[in-house]
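Descriptive structure summary
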Amino acid sequence: MQVVGLGDLDPAAAVALEHLLGTLLDDDRVFQGSWNATINPEVCDFSAQALQARWPHRYRFDFDAPRPVRRQQILTARDVWRGKQGLPPLPRP
């Protein structure tokens, strides 16, 4: 069995992964508890972290930042992802 790292993804799989993670940037369901030092992270936090880990040149995210900072980073990541889909940015709250 061959072990494949994320850097070795088939191009179509990488597109599908980015699409899935991008759709989760709007998911604000909360995980009760903590993840490292982050209390009650949201699904979008995990999605943004995965996007940043896979495409650090495209997405920026600091999981340890305070929630307001993470929210702004997620909004920026969402705009980047929407741009890759040919969609306009959404208005900021």
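Residues numbered from 1 in each chain as written. Predicted model: local features only at pLDDT ≥ 70, side-chain atom pairs only at ≥ 80, totals over all residues. Heavy atoms only, no water.

Considerations on the environment of Asp 10
In this structure, Asp 10 sits in the segment before α1 (11-23). Asp 10 sits in the partly exposed class, given a relative accessible area of 47%. From its side chain, Asp 10 meets the backbone nitrogen of Ala 12 in a polar contact 2.9 Å long. (Helix = DSSP H or I, 4+ residues; strand = E, 2+ residues; numbered from the N terminus. Buried < 20%, exposed > 50% of the residue type's maximum accessible area, 1.4 Å probe, protein only. Polar contact = N/O pair within 3.5 Å; in protein donor to acceptor, adjacent residues only side chain to side chain.)

Focus on the environment of Glu 42
For Glu 42, the location among the structural elements is in the loop between β2 (38-39) and α2 (43-54). Judged by relative accessible area, Glu 42 falls into the buried class, the value being 10%. Linking Glu 42 and Arg 29, residues 13 residues apart in sequence, is a C-alpha distance of 5.4 Å. Ignoring anything within four residues of it in the chain, the contact list for Glu 42 reads Asp 27, Asp 28, Arg 29, Val 30, Phe 31, Arg 67 and Arg 71. At a separation of 3.3 Å, a polar atom in the side chain of Glu 42 contacts the side chain of Arg 71. (Contact = heavy atoms within 4.5 Å.)

Comments concerning the pattern of salt bridges
For the structure shown, the criterion picks out eight salt bridges. Of the charged contacts, one joins Asp 27 and Arg 29 as a salt bridge, the two residues approaching to 2.5 Å between their closest N and O atoms. Overall, the relative accessible area of 13% leaves Asp 27 in the buried class. Accessibility expressed as a relative area gives 55% for Arg 29, which makes it exposed. Across the pair Arg 67 and Glu 42 runs a salt bridge whose closest N-O atoms are separated by 3.0 Å. With Arg 67 in helix α3 (residues 67-84) and Glu 42 in the loop between β2 and α2, the pair connects residues that are 25 residues apart, well separated along the chain. Several salt bridges share partner residues, and in doing so they unite Glu 18, Arg 58 and Lys 84 into one network. (Salt bridge = Lys/Arg side-chain N within 4 Å of Asp/Glu carboxyl O.)

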